[in-house]
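Chain by chain, the residues run as shown.
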Amino acid sequence: MIEYRDTLAGVEEAQLRGFFVGWPHPPSPAHHLRMLHGSRHVWLALDGEQVVGFVNAISDGFMTAYIPLLEVLPAWQGRGIGTELMRRMLDSLRVYYNIDLMCDPDVQPFYARLGMRPVGGMVVRHDMSAIHQTTPAGE
Ligand SMILES: CC(C)(COP(=O)(O)OP(=O)(O)OC[C@H]1O[C@@H](n2cnc3c(N)ncnc32)[C@H](O)[C@@H]1OP(=O)(O)O)[C@@H](O)C(=O)NCCC(=O)NCCS
């Protein structure tokens, strides 16, 4: 039975193992938890104590929300968990004017089914291995 939560209360690093599959420099569970705490909105999917899926959103609290990460652990994929996490997150973000995320073209149909539409974009990507050694800007 999957439980969905929009709070990090009581969640510890050990519950966040196994994410960032295929990333060359995956954030550690400690960094993962830090990112989630730095996010204005979070939805988690839990199977018992194990977090099996998550989505987070950062925001100015007024107009814009950005969804940087959505992931379901491989063993739990294909069971509707990603859809439910996104459905709940989009509902949490319904007050904002723009809700944005970046994704590869092959995942666009997944998001289109949730009412999202494709647009163009521009990005900068720094060296992730260097990011892990530094303190975030402004701290
Ligand atoms: C994308 C992801 C979150 C979907 O989670 P999930 O729990 O497996 O999704 P659901 O079970 O709700 O799947 C719903 C539908 O989306 C489709 N889908 C899932 N992942 C997809 C992908 N990567 N590309 C295209 N379609 C996808 C499924 O085939 C399913 O369609 P169906 O119902 O017609 O079979 C999950 O595959 C994942 O964590 N992938 C790795 C990380 C990632 O790519 N995150 C998104 C970054 S933008």
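Residues numbered from 1 in each chain as written. Predicted model: local features only at pLDDT ≥ 70, side-chain atom pairs only at ≥ 80, totals over all residues. Heavy atoms only, no water.

Novice: How should I be thinking about the site of the ligand in this particular structure?
Specialist: As a structural note, the neighbourhood of the ligand is formed by 17 residues, with L70, V72, G80, G82 and T83 the closest of them. In this structure, an oxygen atom belonging to the ligand sits 3.5 Å away from a side-chain N or O atom of Q77. Contact distances for the ligand include 3.1 Å between a nitrogen atom and a backbone N or O atom of D106. When isolated, the ligand has an accessible area of 870 Å², and the protein chains bury 61% of it. Of all the secondary structure elements, the ones that give two or more residues to the shell around the ligand are β4 (64-72), α2 (81-92) and α3 (108-112). The residue inventory of the shell around the ligand, partitioned by class, reads eight nonpolar, five polar and four charged. (Near = heavy atom within 4 Å. Polar contact = N/O pair within 3.5 Å; in protein donor to acceptor, adjacent residues only side chain to side chain. Areas by Shrake-Rupley, 256 points an atom, 1.4 Å probe, with all protein chains shown as cover. Helix = DSSP H or I, 4+ residues; strand = E, 2+ residues; numbered from the N terminus. Nonpolar A, V, L, I, M, F, W, Y, C, P; charged D, E, K, R; others polar.)

The analysis is restricted to geometry; functional conclusions fall outside its scope.
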